[in-house]
2 protein chains.
Amino acid sequence: VTPTAVPSGSALLPALWIDGEPCQVDGPHISAADRGLLLADGVFETMRVQNGVVFRLDRHLARLEHGLAVLGIPLRRELRGWLLDAVASAGRVDAGLRLTVTRGVGAGGVAPQGDVRPTVIVAIGPLPVFAPEIFDRGLAAHVASGRRNERAMTAGLKTLAFTDAVAAMMEARRSGADESLFLDSDGHCSEATASNLFIWTGVELLTPPLSCGPLPGITRAAVLEVASALHIPAEERPFDLERLLRADEAFLTSSLRGLTPLVRVNGRPIGHGVPGAVSRRLTAAYAGLLARECGDPRP
Amino acid sequence: VTPTAVPSGSALLPALWIDGEPCQVDGPHISAADRGLLLADGVFETMRVQNGVVFRLDRHLARLEHGLAVLGIPLRRELRGWLLDAVASAGRVDAGLRLTVTRGVGAGGVAPQGDVRPTVIVAIGPLPVFAPEIFDRGLAAHVASGRRNERAMTAGLKTLAFTDAVAAMMEARRSGADESLFLDSDGHCSEATASNLFIWTGVELLTPPLSCGPLPGITRAAVLEVASALHIPAEERPFDLERLLRADEAFLTSSLRGLTPLVRVNGRPIGHGVPGAVSRRLTAAYAGLLARECGDPRP
């Protein structure tokens, strides 16, 4: 059983907390003048909860706090406690957790004005489930017609501004693909719509460096650790689409879905067009790391 | 009196409608699972209401509908009627109107799933007011450290993804400037955080073409019309920062604020460092156009 296939352990999910208070899942919850809605003025994290434990919570919170600092959104000190209380009340579940922090309700102009109190939303729900055969057959990706901007003000931050990712995903679905890959403005591979990209060249594992605009994924970092432990050479180094198409294997990583094999790009097979042996070894090792760090006793 | 200095004509503002229903301004109004908040999955327009009439409503709605079509968000046919009812109930005001359309409440993943009903928000409020001296002394701008992405999936669309603009504005304020200017990935001037850029070279008026990534502003188009009527040569043509710094005059345009003189960039004066004669002529002519089209009898 791969970790991404673990079913939710609680019938009470989804569950929602705003500023530490539990809420009915049916809305409304948020002001129409919240700058998170008006201007995507905020950041978020999606985290994997396994056995009731958030995997690498500290790294997620560090990334979130960095994003808040860049945007000049004050940190609410209660945030970590609210999140842990929410997780505790959800029980010993396997779940997905989304933490969203917006600048809060404020004036509609671009410039924040006066004292604004950030809005903190914690939502816990079932893990997104791919059809299990995805892990056997792998994903097909389309290369997005628009580029990732590695020189954006917010490059590398997980802001609420996912509109380009949504548009790229719609484009992928129209072309019959499952996912979309972004190139950066120089034509290097960057990332998928909400996951990092890895390739196995036959001699080393490569993932785009942060200079190519991907998010510094928590699972990306974990896979680099796992590769090191397995003595699989791994490096952050730019590569272009042509190099991806010549790779022996490719896979995507995200907190909620772990590793997902990528077997076709723009209709052309990667390697043999099926999930490869290195991807499978890394998937198993990552599942072990996740279970170990989350104190999951299940085999 | 320039149109941007007209005070609000109603004590009832701000006022809010969601899906055509009037709402209390104090929230909550929106679900925490609205994809507008989760992923900036939506578009908006800000419009100028003068004398109770929306200036160039059809152009705003056409731009919005184009954005919805690109994102694959269905158009709610009631939208125009809801907006007009809201304006009518606000009375014969001078105001700012924001129309926001999100994909609606849906699954949290990037890919929209199933039938989602778009959320339509109409907010009418007082016009944003600059201190009147801004029109005498002009704005100072900072050049943003991050670039505009003219090759983004959503380049030229007014999506909810304004996080980069917010970050650039915060950076400008930290540097003591009023506004931030974006260069595109090739180093051409693109636009400000929420307004278009014009320069007067001494012989012609220039504004960046859409290939440099600016929004196709409604006021930008109106200024090009007004220039033509005044026999002022005007063209959409790329120019770089160096050309801006050598300009005789510069100004910004937006629906809510009209024309605003730009007199300093990165601490260096544009022309004589004060609002120029061509900017003043265009401002007066634009005010006349606005009053005429809105049937405003005031002098």
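A quick note: this is a predicted structure, and the numbers were derived from the prediction, not measured.

Draft legend 1. Inspection of the side chain of A:S254 at higher detail. All names here are of chain A. Looking at the element boundaries, S254 is found in strand β13 (residues 249–254). Judged by relative accessible area, S254 falls into the buried class, the value being 16%. Within polar-contact distance, the side chain of S254 engages the backbone nitrogen of R257 at 3.2 Å. Excluding residues that lie within four positions of it along the chain, S254 makes contacts with A194, S195 and T219.

Draft legend 2. Representation of the pattern of salt bridges. Residue and element names in this part refer to chain A. Applying the stated criterion to the full structure yields 36 salt bridges over all chains. Close ionic contact of E45 with R63 constitutes a salt bridge, the shortest N to O distance being 2.7 Å. Placement of the pair is E45 in strand β3 (residues 42–50) and R63 in helix α2 (residues 57–71), with a sequence separation of 18 residues. For E45, a relative accessible area of 1% translates into the label buried. A salt bridge links E293 to R56; the shortest N-O distance between them is 2.7 Å. Within this pair, whereas E293 is found in helix α8 (residues 277–293), its partner R56 is found in the loop between β4 (53–54) and α2, the two being separated by 237 residues in sequence.

Draft legend 3. Quick look at the relation of the copies chain A and chain B. The transform that puts chain A on chain B rotates by 180° and translates by 0.0 Å along the axis, for an RMSD of 0.0 Å. Expressed as a symmetry operation, the mapping of one chain copy onto the other fits a two-fold axis. Same-surface contact between copies: 100% of interface residues of chain A are shared with the interface of chain B.

Draft legend 4. Examining helix α5 (residues 163–174) of chain B more closely. When the terminal C-alpha atoms of α5(B) are compared, their 17 Å separation across 12 residues agrees well with the 16 Å that a helix rising 1.5 Å per residue should span. Across the 12 residues that make up α5(B), a large majority, 10, are buried. The complete set of buried residues in α5(B) reads B:T163, B:D164, B:A165, B:V166, B:A167, B:A168, B:M169, B:M170, B:E171 and B:A172. Buried-residue contacts for α5(B) involve α1 (35–39), β3 and α2 of chain A together with β7 (139–143) and β8 (179–183) of chain B. Phi turns positive, to about 85°, at B:G176, one or two residues after α5(B).

Draft legend 5. Region of the structure containing the sheet that holds strand β2 (residues 21–23) of chain B. Residues and elements named next belong to chain B. Ordered in space as β2-β1-β6-β5-β3-β4, the 6 strands form an open sheet in which the pairing is antiparallel. Because the sheet does not close on itself, it has two edges, and the strands there are β2 and β4 (53–54). The sheet contacts of helix α2 (residues 57–71) involve β3 (42–50), β4 and β5 (95–102), and relative to β3 the element is tilted by about 175°. Packing against the sheet, helix α3 (residues 79–90) makes contact with β1 (15–18), β3, β4, β5 and β6 (119–125), and its axis sits at approximately 20° to β6.

Draft legend 6. Examining the sheet that holds β4(A) more closely. All names here are of chain A. Pairing within the open sheet is antiparallel, and its 6 strands lie in the order β2-β1-β6-β5-β3-β4. The open sheet has two edge strands, β2 (21–23) and β4, and neither has a second partner. Where β3 lies against β4, 2 bridges are found, and the strand directions are antiparallel. Each residue of the ladder has a partner; that of V49, found in β4, is V54.

Rules used in this analysis
Residues numbered from 1 in each chain as written. Chains lettered and ligands numbered in written order. Predicted model: local features only at pLDDT ≥ 70, side-chain atom pairs only at ≥ 80, totals over all residues. Heavy atoms only, no water. Helix = DSSP H or I, 4+ residues; strand = E, 2+ residues; numbered from the N terminus. Buried < 20%, exposed > 50% of the residue type's maximum accessible area, 1.4 Å probe, protein only. Polar contact = N/O pair within 3.5 Å; in protein donor to acceptor, adjacent residues only side chain to side chain. Contact = heavy atoms within 4.5 Å. Salt bridge = Lys/Arg side-chain N within 4 Å of Asp/Glu carboxyl O. Least-squares fit on C-alpha atoms with pLDDT ≥ 70 in both. Expected span 1.5 Å × (residues − 1). Pairing = 2+ DSSP bridges. Axes fitted to C-alpha atoms, helices over the stretch in contact; angles between N-to-C directions.

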